[in-house]
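The lines below spell out each chain.
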Amino acid sequence: MQPPSDVSAPGLGAVHRFHASELPHVEALCARLFGPTRVRPLDARAPLHVDAEQCHIGQLSLVDIRYSTAMEIEPQPGKDEYVIQTTLAGHCEALTDGQSQHYPHGSTLVASPTLRTRLLLDEDCERFCVVLRRRAIEHAFREHFGFEPPAPIAFAPRLASDDGPNGNGGNGLAERWQALVGYLRAEMRTRRAGAANPTIDASIEHMVVSTLLFDQFSGDGATLPRRFQPTLPAYVRRAIQYLRRNLDRPITMRELADHCGVSERSLQVGFRRSKNATPMEYLRLLRLQGARDSLLRAPQQPGAVTAIALRHGFAHLSMFSREYRREFGELPSDTLRRAQCREG
């Protein structure tokens, strides 16, 4: 087997280009872009190569990908990524739980990691994909709706298509999402030309994730988990505000309960019901998210990661790096370096 040099390494630019031409390298590339994935050409004798481009915007990964031949693609155990793919050319068929759906030009499929969706692509199929990790979706759900998401979050596969009245799925979903895809592709072209403006990354990420979540969950309310209240108890809101103001120092349960005027047990129960976490677990998430926000804005200089870790209550750098990678799928230094690459 040849070394994996067919997969080009990403440079320092905002848009990374990839090419692979042997099956092991193609599979390695797909795993890199989409998480654990098995790929198989439907015609073993046909020449195989794949061309792809990738661009990061906040926690979004934008991928434009095309294969040279018809392919079967199947997610593997351990996959943690949601893939929102729009068919740009050709045709895609998706098989989920024995059900088959066809995705012609312009239609969009949401592949959730807990739903085993096998794809059959024809040789002319080109896809534009938005890839998001599970924790990013769950965090956004909490921020939008104020309570813990259903576990796990699974999206309806067909997000948008042209098969409804007036060519917009009957409710404007397809038209809105296709306009959003057009904007993301234009943004990717801008970054390819080296004219990116990273200050708008957070706004773009928010727009995409908000559209996805509200289209799925807020239509009639029926898909929202009824056992959770949509508003937080006042003492939980007070506790969260206190935690946010004190990310840099140790906080005890007794101190937090006294501040909120409730017992430690009531505080534990309130957080578990509304956030599906203990107060200290939620504090850890707030600290990690705060550190990430700081890393995305910080200049790259010696000691930057250590200073940010200490500022957000992490006294041990190795533990901070471990927990950060578990939460966001990359090391703190990777986040810092990626932010500087965008600015460059």
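Rules used in this analysis
- Every chain's residues receive numbers from 1 upward, in the order its sequence appears when written.
- Owing to the predicted nature of the model, reporting of local features is limited to residues with pLDDT of at least 70; listing and counting of side-chain atom pairs is limited to 80 or more, with chain, interface and lining totals taken over all residues.
- For side-chain calculations, the full set of non-hydrogen atoms in the structure is used, while hydrogens and water are omitted.
- Any Lys or Arg side-chain nitrogen found within 4 Å of a carboxyl oxygen on Asp or Glu counts as a salt bridge.
- For the purposes of this entry, the term helix denotes a DSSP run of H or I that reaches at least four residues, the term strand denotes a run of E that reaches at least two, and both are numbered from the N terminus.
- One bridge is not enough; two strands pair if DSSP finds at least two bridges between them.
- Throughout, an axis means a line fitted to C-alpha atoms (over the contacting stretch in the case of helices), and angles, computed between N-to-C directions, take values from 0 to 180 degrees.
- A helix's residues, less one, multiplied by 1.5 Å, set its expected span.
- Whether a residue is buried, partly exposed or exposed follows from its accessible area with a 1.4 Å probe, protein chains only, as a fraction of its type maximum: under 20%, in between, or over 50%, in that order.

A. Expanded view of the pattern of salt bridges. The full count for this structure, using the stated rule, is 24 salt bridges. Of the charged contacts, one joins Asp201 and Arg191 as a salt bridge, the two residues approaching to 2.6 Å between their closest N and O atoms. Here Asp201, found in helix H4 (residues 201-217), pairs with Arg191, found in helix H3 (residues 173-192); they are ten residues apart in sequence, far enough to count as distant. Through salt bridges with shared partners, a single ionic network connects Arg38, Arg40, Glu72, Glu74, Arg116 and Arg118.

B. View of the sheet that holds strand E5 (residues 71-75). The strand order across the open sheet built from five strands is E2-E5-E10-E7-E8, with neighbouring strands paired in antiparallel fashion. In the strand order of this sheet, the two ends are held by strand E2 (37-41) and strand E8 (99-103), each with one partner. Adjacent strand axes in the sheet meet at a mean angle of 20°, parallel and antiparallel pairs treated alike. Where E2 lies against E5, five bridges are found, and the strand directions are antiparallel. Bridging from a neighbouring strand, Arg38 pairs with Glu74 of E5.

C. Inspection of H4 at higher detail. Taking 1.5 Å per residue as the helical rise, H4 with its 17 residues ought to reach 24 Å, and the 24 Å between its terminal C-alpha atoms agrees with that figure. Residues of H4 that are buried include every one of Asp201, Ile204, Glu205, Val208, Val209, Ser210, Thr211, Leu212, Leu213, Gln216 and Phe217, and no others.

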